[in-house]
Amino acid sequence: MNKKIVFAVLISLFAATGAFAQQITKFGVVDTNKVYNAYFRNSTAVRNYEKKRADYQNEINKTTEELRDLRQKKVDFEKNGNDAAAMKIDAEITKKKDYLTEYTNAKNVELDSLAKSLKNSDEFYKKLYSTLSKLAEEGGYSMILSLQESNSILWYSHTVDITEDVISRLGL
């Protein structure tokens, strides 16, 4: 009789363990770039960044056009046999090209720095983490992964993508 009770207890333990083992872990994925873009779409900081970028590009376009004009003048002077004027224009072309290279490099560094500071905004990440935490608790998620931050996500079902939910909860 004792063997039957021990056997029944063991069967009960295995059944209970099996029930716990069948518990399904729920994952979610978030396209953090999409959330980031939605968050900063209308921010003053992004508008300032875009304005600077456009201003820098206008300066680059203007200088490029001036270079084109100078090159044409040089060709015209060379055709007319005015080598002295062609050499003078060639010096201007070199000076403009150097300016353009330095300007482009400096402004690209500045824009890269501004973009990094926008992406590393503490305010954004605090809001994002808080929103993800609430969403995970309410939705029963054990883990939420970023599509951009992990190379190990090789495939995922779009049913676990909670990006739009995150964007709407952030009020964007």
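Given the structure is predicted, the values throughout are model-derived calculations rather than measurements. (Residues numbered from 1 in each chain as written. Predicted model: local features only at pLDDT ≥ 70, side-chain atom pairs only at ≥ 80, totals over all residues. Heavy atoms only, no water.)

A. Layout of the overall build of the chain. Helix and strand counts for the chain come out as 6 helices and 2 strands. Taken from the N to the C terminus, the helices and strands of the chain come in the order α-β-α-α-α-α-β-α. For the chain, buried positions account for 24% of its 172 residues. Sequence separation of at least 24 residues holds for 81% of the intrachain contacts in the chain that already meet a minimum separation of 6. As displayed, the chain offers around 12,700 Å² of accessible surface, 55% of which is attributable to carbon and sulfur atoms. (Helix = DSSP H or I, 4+ residues; strand = E, 2+ residues; numbered from the N terminus. Buried < 20%, exposed > 50% of the residue type's maximum accessible area, 1.4 Å probe, protein only. Contact = heavy atoms within 4.5 Å. Areas by Shrake-Rupley, 256 points an atom, 1.4 Å probe, with all protein chains shown as cover.)

B. Here's a closer look at helix α2 (residues 32-40). Within α2, the full set of buried residues consists of T32, V35, Y36, A38, Y39 and F40. Those residues of α2 that are buried lie in contact with β1 (27-30), α3 (44-79), α4 (83-119), α5 (122-139), β2 (143-146) and α6 (163-169).

C. How the structure looks around the packing of α2 against α5. Between α2 and α5, the least distance of the axes is 12 Å, while the angle of their chain directions is 120 degrees. The pairing of α2 with α5 is recorded here as oblique in orientation. Crossing geometry of α2 relative to α5 is assigned as right-handed. Where α2 approaches α5, its residues T32, V35, Y36, Y39 and F40 are matched on the opposing element by E123, F124, K127 and L128. (Axes fitted to C-alpha atoms, helices over the stretch in contact; angles between N-to-C directions. Parallel < 35°, antiparallel > 145°, perpendicular 65-115°, else oblique. Left-handed = near helix turned anticlockwise from the far one by under 90°.)

D. Quick peek at the environment of I93. By the secondary structure assignment, I93 is in helix α4. Here the alpha-carbon distance between I93 and R68, two residues 25 residues apart in the chain, equals 9.1 Å. Residues within four places of I93 in sequence aside, it is in contact with L67, L70, R71 and K74.

E. Focus on the nonpolar core. V30, V35, F40, F124, L128, I162 and V166 are the most contacted members of the largest nonpolar core, which totals 28 residues. Elements with a minimum of two residues in this core: α2, α3, α4, α5 and α6. If we ignore the near neighbours within four places in the chain, the residues touching F124 are V35, Y36, Y39 and F40. (Core = buried A, V, L, I, M, F, W, Y, C linked by side-chain atoms within 4.5 Å.)

Any functional reading would require information that these geometric values do not contain.
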